[in-house]
Amino acid sequence: MTKSAPKVSKGPLTMEHTINLHKHTSGMQNKKKAPRAIKAIIAFAQKAMQTQDVRLDVKVNGYVWSRGIKNPPYRIRVRLARKRNEDEDAKEKLYTAVSLVAVPAFKGLLPQKVKETL
């Protein structure tokens, strides 16, 4: 008999993470770097928050594309907020909202939970 893994409650949650985009875009064709960086952010959010529905903020998209298609930033600090889907006809009950966190430097930053303020 095998024990099943403990169930994790999938409720609303907010966390901040630093994503290293350079390891996803280095060594690839110049005209595909910024779109690949966006896909890497979405894949990271899906894995970290365990939701398939990921919604990027306009500022995240603007930050990735700020230096053009060839040269996206090496790192990005994002806030991942898992929220309840208010649409009744939605496939999933939860979605992840990704927003940009402005930081002066990325040294020493660790993933952390953020207390939600209403």
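Below is a summary of the structure that appears in this document.

Parameters at a glance
The numbering scheme is per chain: residues are counted from 1 as the chain's sequence reads. Whole-chain, interface and lining totals are the exception, using all residues; otherwise, since this is a predicted model, local features are given only for residues with pLDDT of at least 70 and side-chain atom pairs are given and counted only at 80 or more. Excluding hydrogens and water, the side-chain values take into account all heavy atoms of the structure. Any two strands between which DSSP finds at least two bridges are classified as paired. Helix and strand assignments follow DSSP, with helices taken as H or I runs no shorter than four residues and strands as E runs no shorter than two, numbered in order from the N terminus. The working definition used for a salt bridge is a side-chain nitrogen of Lys or Arg within 4 Å of a carboxyl oxygen of Asp or Glu. Between buried and exposed lies partly exposed: a residue is buried under 20% and exposed over 50% of the maximum accessible area for its type, with that area taken using a 1.4 Å probe on protein chains only. Contact criterion: two residues are considered in contact whenever any of their non-hydrogen atoms come within 4.5 Å of each other. Geometry of aromatic contacts follows a simple scheme: Phe, Tyr and Trp rings, the Trp one being its six-membered ring, pair when their centres are within 6.5 Å, and the pair is stacked under 30 degrees between planes, edge-to-face over 60, tilted otherwise. In our convention, an over-ring charge means Lys NZ or Arg CZ found within 6 Å of a ring centre and within 35 degrees of that ring's normal.

**Topic: the pairing of strand 3 (residues 75-84)**
Alignment of strand 1 (residues 13-20) against strand 3, held across 8 bridges, turns out to be antiparallel. Residue pairing for strand 3: Met-15 is matched across the bridge by Leu-80. Relative to strand 4 (residues 94-100), strand 3 is paired through 7 bridges, and the arrangement is antiparallel. In the strand pairing of strand 4, Arg-84 is matched with Leu-94.

**Quick look at the pattern of salt bridges**
Side-chain pairs of opposite charge can arise whenever the charged atoms involved come near each other. All told, the structure shown has 3 salt bridges when counted by the stated rule. The residue Glu-16 makes a salt bridge to Arg-77 at a minimum N-O spacing of 3.6 Å. Linking Glu-16 in strand 1 with Arg-77 in strand 3, this pair joins segments that are 61 residues apart in sequence. The two residues Glu-16 and Arg-77 agree in class, both being buried.

**Details of the sheet that holds strand 5 (residues 112-113)**
In space, the 5 strands of this open sheet follow the order 2-4-3-1-5, with mixed pairing throughout. Since the sheet does not close on itself, it has two edges, and those belong to strand 2 (54-56) and strand 5, each with one partner.

**A word on the environment of Lys-113**
Tracing the chain through its elements places Lys-113 in strand 5. On the basis of relative accessible area, Lys-113 is assigned to the exposed category, the value being 63%. With 97 residues separating them along the chain, Lys-113 and Glu-16 place their C-alpha atoms 6.4 Å apart. In this view, Lys-113 contacts Leu-13, Thr-14 and Met-15; residues no more than four positions away in its chain are not counted.

**Considering the pairing of strand 1**
Summarising the sheet, strand 1 and strand 5 pair through 2 bridges and their orientation is antiparallel. Bridging from a neighbouring strand, Glu-16 pairs with Gln-112 of strand 5.

**Description of the environment of Pro-104**
As for its placement among the helices and strands, Pro-104 is situated in the loop between strand 4 and strand 5. The class of Pro-104 is exposed, set by a relative accessible area of 89%. With 21 residues separating them in the primary sequence, Pro-104 and Lys-83 have C-alpha atoms 28 Å apart.

**Focus: the packing of aromatic side chains**
Summed over the entire model, instances satisfying the criterion amount to 0 aromatic pairs. The ring of Tyr-95 has Arg-55 sitting right over it, with the charged end atom 3.8 Å from the ring centre.

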